[in-house]
Amino acid sequence: MTVILAFLTLGVAQSQTHLTSPDDFFGFRLGSDRKMARWDKLVDYYRLLEKEGGGRLKYIDMGPTTMGNPFLLVIVSSPANLTNLERLRQVNSRISDPRGLSEPDARKLVSEGKAVVCQSMSLHATEIGGAQMAPELAYDLLSRQDEETKQILDNVILLLVPSFNPDGLNMVADWYAKNLGTEYEGGDLPWLYHKYAGHDNNRDAFQLNLPESRYMAKILFTDWTPQAYIDHHHMGSYGARIYVPPYAEPVRPNADPLVWRELSWYGAHIACKEEEAGMSGVLNMAQYSGWGHFGFHWVTPFHNITGMLTESASAKVATPIFIHPDQLRGGARGLPVYEEQTTFPNPWPGGWWRLRDIVDRQKIAAWALLDQAARNRETVLWNAYLKARRQTERGAEGKPAVYVVSANQHDPLTAVKMVNTLVLQGVEVKQAPKAFITAAGVSYPAGSFVISLEQPNMGLIRYLLGRTFYPDNDWTRSKDGSPIRPYDMATDTMCEFMGVRVDPVDQPVAAASLKLTAAAPAAGKVERGSAGFVLDGRLNDSFRAVNLLLDQSASIRRVDRPSGGLRTGDFLVASAPDSTVADIAKQTGVDFRPLATPMNEGTHELKRLRTGMYQRYRGGNIDEGWTRLVLEQFAFPYTTLLDTEVKKGALNDKYDVIILPDDSTFMLTGDKADDRRDEGRGGTRWREEPYPPEYRSGFGKEGVEALKTFAEKGGTLVTLGRSTDFAIDKLELPVRNVVANRPAREFFCPGSTLRTRFDNTNPLAYGMPAEGLVLFFYSPAFEILPNDFNERYEVIATYADRDLLQSGWLVGGDELAKKPAMVAARYGQGKVILIGFRTQHRAQTHGTYKLLFNALMR
Ligand SMILES: [Zn+2]
């Protein structure tokens, strides 16, 4: 019997075409010391596996990344499943949105369907383990002949994203190769490892600014709704060796409880399999709290997908690191000391730590997740059905019943952008063809959008559109009562960030009957008046239209005093060719309304300023990257300004405005004496200077002098977030940050929306509403100190008098009331603008973009 079985197995093996192993293909064992495969080679390998894989691997090019590399989805399953893939996808979709599906029919689909598991690799490109591990995972699935493997292929559809950030993978591989054998071997990349987002690329899962995010949203939220999703990362080097699910406290409510149970269930299987294989240092239910940012692995629970991550201790990229036993430490959430505990029963003893150790542990985790889903296919699918059904029922029973996005908005085009982003996330949005009145008697115009909570991802909708309060309890306070920093922000209320009014309504709205199946179009109307056109200054997209017009040398005026239906901040276009206007109206969605009579009084000729965008090295500045993206999205031309040029001076020759993104004074100047903040990344390694000299940026004293001169001679220095500290300190402005050095127990505000008044008669706030929300993220707030020249200081935005918090978490906060949030100071012949809050945060806070845009025009 044994002999026959062995023969049969051999027969199957022989019927396959030759399968090239990763060792043979790459010429080294993946994860070997000082070796790293580039993306082009990895892509070639998956293409080869599709050819050689006997119908068990499907290679899909989702499209180009930000920098033009292919973004891949690799699907692995049995040949029968891959042949039948479209049918299985439909079964999966129906289970994930079972509205109108009877329970017996659901049972039938569960018995027919396959468990769908998505795994993504190396989103953070320096965390290279996942992308280097995945080829072996794929090869093992295709080459192993045992029952366990067969069970996985028969029961599971693996959606493998071999690199979430191919651009970054190549940057890291090239930088690593360049420095191999030098004192900088294994050191950090001096710039962002994503062109715009750097490490923030996983904070883009709800705003979907980046092409990589849009591909993932298509995979996870519209084409498929996997039952489980895991994202493989690295963490610091001195604690546990690998973190596996579930998350630690606090948890974010409003997901189906089965999600959190499944996190523990998968996590326990992964941890068991790691111990079975003799892997030490495995930690679960710690470090990463259930309430994190709304990145992909943290937002998926609200799509009824069990969203998880692994985090491996880092080596120095592919270079081993030695760690002494006494250097190992706990201290993180859920691991107070580096000792045995139920969630950490087998501490790693220290010694050499290599990339291969990471690859081994990650591969076991990746495999165990597939194994657990395969062993429990029907449970996994039935739970998916239950999660979606129960969330829909909760939405139907709860309040509000719907969120209404009125067509009547301060900036309706931004509202359409928000709605379209919801659609990309798989949220069902309906539009009312006619005006309607709610049961409570509130009327809405035709074209208003209605988002019902009676749908599977109601939890997601609540967080993106509803007021959110971060928990304030024992999980979020330390023993002395100090608030513990949330993992990221305390709210992710997209509508508040975007300045879009969304009304919670307690009764369903029947009038909304048109279901949006694709993005709502927003083509602008064109009607020429005898004196040209008017563009609404309240629309962010009017700035884009104006920039496109200026690119065509159009002459544009701006309204300073309202008259004859014109508002302060509106743009007047005297002449522009019909074809240009039609094209720009189509591209931007902005209406070109008729202007009857030429207006010179109360208006001024608009001048677009020459903008320098300061960029540093030392790992790059994420806020700089996002700012660049926002400028490009709205067609603002800019020039990147590096230290060498800042130091040279004579900046007025080339620039009218210089933007300093959010940064500490130390990182701007590079002067150690300025290092009043802790810039260390706790838990990671320490090095005197990980960068070669040319990348140890900081513009130093010469740069400070050059920027002072620039402002004195008529330039405008725009400082964002913490770089306002730099301006106050180095340019000696009589302004004080009223929340500087306040103990967290007395004042604490992590990523929250605060009510603010805007002086929209000031050109810097043209087009803004009189009141709105700003995003406060450990931001400064100001007080202008009494001085002999108070008239030189203008307050553009002021925190509300009381009840500041809209969403998030605010401890204390009385000191903010009535305080300036944005100040413009005359400085010599020029100006220094201090914007304390996050005016363009992660290309998400559309509601305050105009405050930056106005500074780039005059
Ligand atoms: Zn990471």
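Refer to the structure above for everything that follows.
To start, this report covers the structure provided alongside it. Values in this document were obtained by computation on a predicted structure and should not be read as measured data.

A few words now on the coordination of the zinc ion. Note on metal geometry: ideal angles are 109.5 degrees for four donors arranged tetrahedrally and 90 or 180 degrees for six donors arranged octahedrally. Around the zinc ion, the protein supplies His-124 (ND1), Glu-127 (OE), Glu-127 (OE) and His-233 (ND1) as donor atoms, at distances of 2.0 to 2.6 Å. One way to put it: the four donor atoms around the zinc ion meet at angles of 54 to 149°, and that makes the site irregular. Along the chain, the residues donating to the zinc ion fall in the pattern H-x2-E-x105-H. Within this pair, whereas Glu-127 is found in the loop between strand 3 (115-121) and helix 7 (129-143), its partner His-233 is found in strand 5 (residues 228-235), the two being separated by 106 residues in sequence.

What the rule picks out here adds up to one cavity of 30 Å³ or more. Here the largest cavity is characterised by a volume of approximately 40 Å³. When residues of the lining of the largest cavity are assigned to their parent elements, the largest contribution, three residues, is made by strand 29 (residues 771-776). Looking at side-chain class alone, the lining of the largest cavity contains four nonpolar, three polar and one charged residues.

One open sheet accounts for eight strands, arranged 1-2-4-3-5-8-6-7; its pairing is mixed. Of all the strands in the sheet, the pair left with one neighbour each is strand 1 (57-64) and strand 7 (282-284). Within this sheet the neighbouring strands show an average axis-to-axis angle of 20°, counted without direction. Both strand 2 (residues 70-76) and strand 4 (residues 156-161) contribute to a ladder of three bridges, which runs antiparallel. Of the residues in strand 4, the one forming a bridge with Val-76 is Leu-158.

Pairing is antiparallel in the open sheet, where five strands are placed in the order 16-11-15-12-17. In this open sheet, the two strands that pair with only one neighbour each are strand 16 (503-505) and strand 17 (514-515). Note that strand 12 (residues 430-431) and strand 15 (residues 449-452) share two bridges and pair antiparallel. Residue pairing across strands places Lys-430 opposite Val-450, the latter belonging to strand 15.

The next thing to look at is the packing of helix 5 (residues 85-96) against helix 6 (residues 103-112). Helix 6 packs onto helix 5 with a crossing angle of 140° between their chain directions and a minimal axis gap of 10 Å. Of the possible angle classes, the one that applies to helix 5 and helix 6 is oblique. Considering only the axes of helix 5 and helix 6, their crossing is left-handed. Contact residues: helix 5 offers Arg-87, Leu-88, Val-91, Arg-94 and Ile-95, while helix 6 offers Leu-109, Val-110 and Glu-112. Residue composition of the contact of helix 5 with helix 6, grouped by class: five nonpolar, no polar and three charged.

We now examine the nonpolar core. In this structure, Met-216, Met-418 and Leu-465 are the most contacted members of the largest nonpolar core, which totals 160 residues. Take this core: its biggest share by element is 11 residues, from helix 13 (residues 355-375).

Another aspect to go through is the packing of aromatic side chains. Considering all chains together, one arrives at 45 aromatic pairs under this definition. When the centroid spacing of 5.2 Å and the interplanar angle of 85° are considered together, the rings of Phe-543 and Phe-571 count as edge-to-face. Taken together, the positions of Phe-543 in helix 18 (residues 540-551) and Phe-571 in strand 20 (residues 571-573) put the pair 28 residues apart, joining distant regions of the chain. Classification of Phe-571 as buried rests on a relative accessible area of 0%. Put simply, the rings of Phe-206, Trp-260, Trp-291, Phe-294, Phe-302, Tyr-463, Tyr-470, Phe-748, Phe-777, Tyr-778 and Trp-809 touch in pairs and so form one group of aromatic residues.

What follows covers the environment of Ile-364. Inspection of the secondary structure assignment puts Ile-364 in helix 13. A C-alpha to C-alpha distance of 9.1 Å links Ile-364 and Leu-137, two positions 227 residues apart in sequence. Setting aside chain neighbours within four positions, we find Ile-364 in contact with Lys-273, Glu-274, Ala-277 and Met-279.

Backbone torsion omega between Glu-249 and Pro-250 reads -5°, so that peptide bond is classified as cis. Inspection of the secondary structure puts Pro-250 in the loop between strand 6 (242-244) and helix 11 (257-276). Following Lys-399, the chain continues into Pro-400 via a peptide bond in cis, with omega recorded as -5°. With respect to the helices, strands and loops of the structure, Pro-400 is situated in the loop between helix 14 (377-397) and strand 11 (402-405). At Val-317, a position not held by glycine, the phi torsion is positive, near 55°. Relative accessible area serves as the criterion here: at 12%, Val-317 is assigned to the buried category. Despite not being glycine, Arg-618 has its phi angle at roughly 55°, a positive value. Considering the arrangement of structural elements, one finds Arg-618 in the loop between strand 23 (611-614) and helix 20 (622-633). Looking at Arg-618, the relative accessible area reads 13%, which means it is buried.

This part takes up the pairing of strand 4. Counted residue by residue, strand 4 has six buried out of six residues, so it is predominantly covered. Side chains Val-156, Leu-158 and Leu-160 of strand 4 all project onto a buried face; the interleaved residues Ile-157, Leu-159 and Val-161 project onto the opposite face, where all are buried too. Two strands pair when backbone bridges link them, and strand 3 and strand 4 are joined in this way by six bridges, in the parallel orientation. When the sheet's bridge partners are listed, Ala-115 is paired in strand 4 with Val-156.

Moving on, we come to the side chain of Asp-570. For Asp-570, the position within the fold is in the loop between strand 19 (556-559) and strand 20. No salt bridge is formed by the buried Asp-570. Its closest oppositely charged neighbour is Arg-593, at 4.1 Å. A polar contact of 2.9 Å, which involves the side chain of Asp-570, links it to the backbone nitrogen of Arg-567. Ignoring any residue separated from it by four or fewer positions in sequence, one finds Asp-570 in contact with Val-534, Leu-535, Asp-536, Gly-537, Arg-557, Arg-558, Val-559 and Arg-593.

The rules behind each value
Residues numbered from 1 in each chain as written. Predicted model: local features only at pLDDT ≥ 70, side-chain atom pairs only at ≥ 80, totals over all residues. Heavy atoms only, no water. Donors = N, O, S within 2.8 Å, 3.2 Å for Na, K, Ca; no water. Tetrahedral: all angles 85-135°; square planar, octahedral: opposite > 155°, others 65-115°. Helix = DSSP H or I, 4+ residues; strand = E, 2+ residues; numbered from the N terminus. 1 Å grid on protein atoms, 1.4 Å probe; cavity = no way out; pocket = protein on both sides within 12 Å on 5 of 7 lines; lining within 4 Å. Points joined across faces, edges and corners; volume = space filled by probe spheres on them. Nonpolar A, V, L, I, M, F, W, Y, C, P; charged D, E, K, R; others polar. Pairing = 2+ DSSP bridges. Axes fitted to C-alpha atoms, helices over the stretch in contact; angles between N-to-C directions. Parallel < 35°, antiparallel > 145°, perpendicular 65-115°, else oblique. Left-handed = near helix turned anticlockwise from the far one by under 90°. Contact = heavy atoms within 4.5 Å. Core = buried A, V, L, I, M, F, W, Y, C linked by side-chain atoms within 4.5 Å. Buried < 20%, exposed > 50% of the residue type's maximum accessible area, 1.4 Å probe, protein only. Phe/Tyr/Trp six-rings, centres within 6.5 Å; stacked < 30°, edge-to-face > 60°. Lys, Arg positive; Asp, Glu negative; His and termini not counted. Salt bridge = Lys/Arg side-chain N within 4 Å of Asp/Glu carboxyl O. Polar contact = N/O pair within 3.5 Å; in protein donor to acceptor, adjacent residues only side chain to side chain.

Everything listed here is a matter of coordinates, which is why it stays silent on function.
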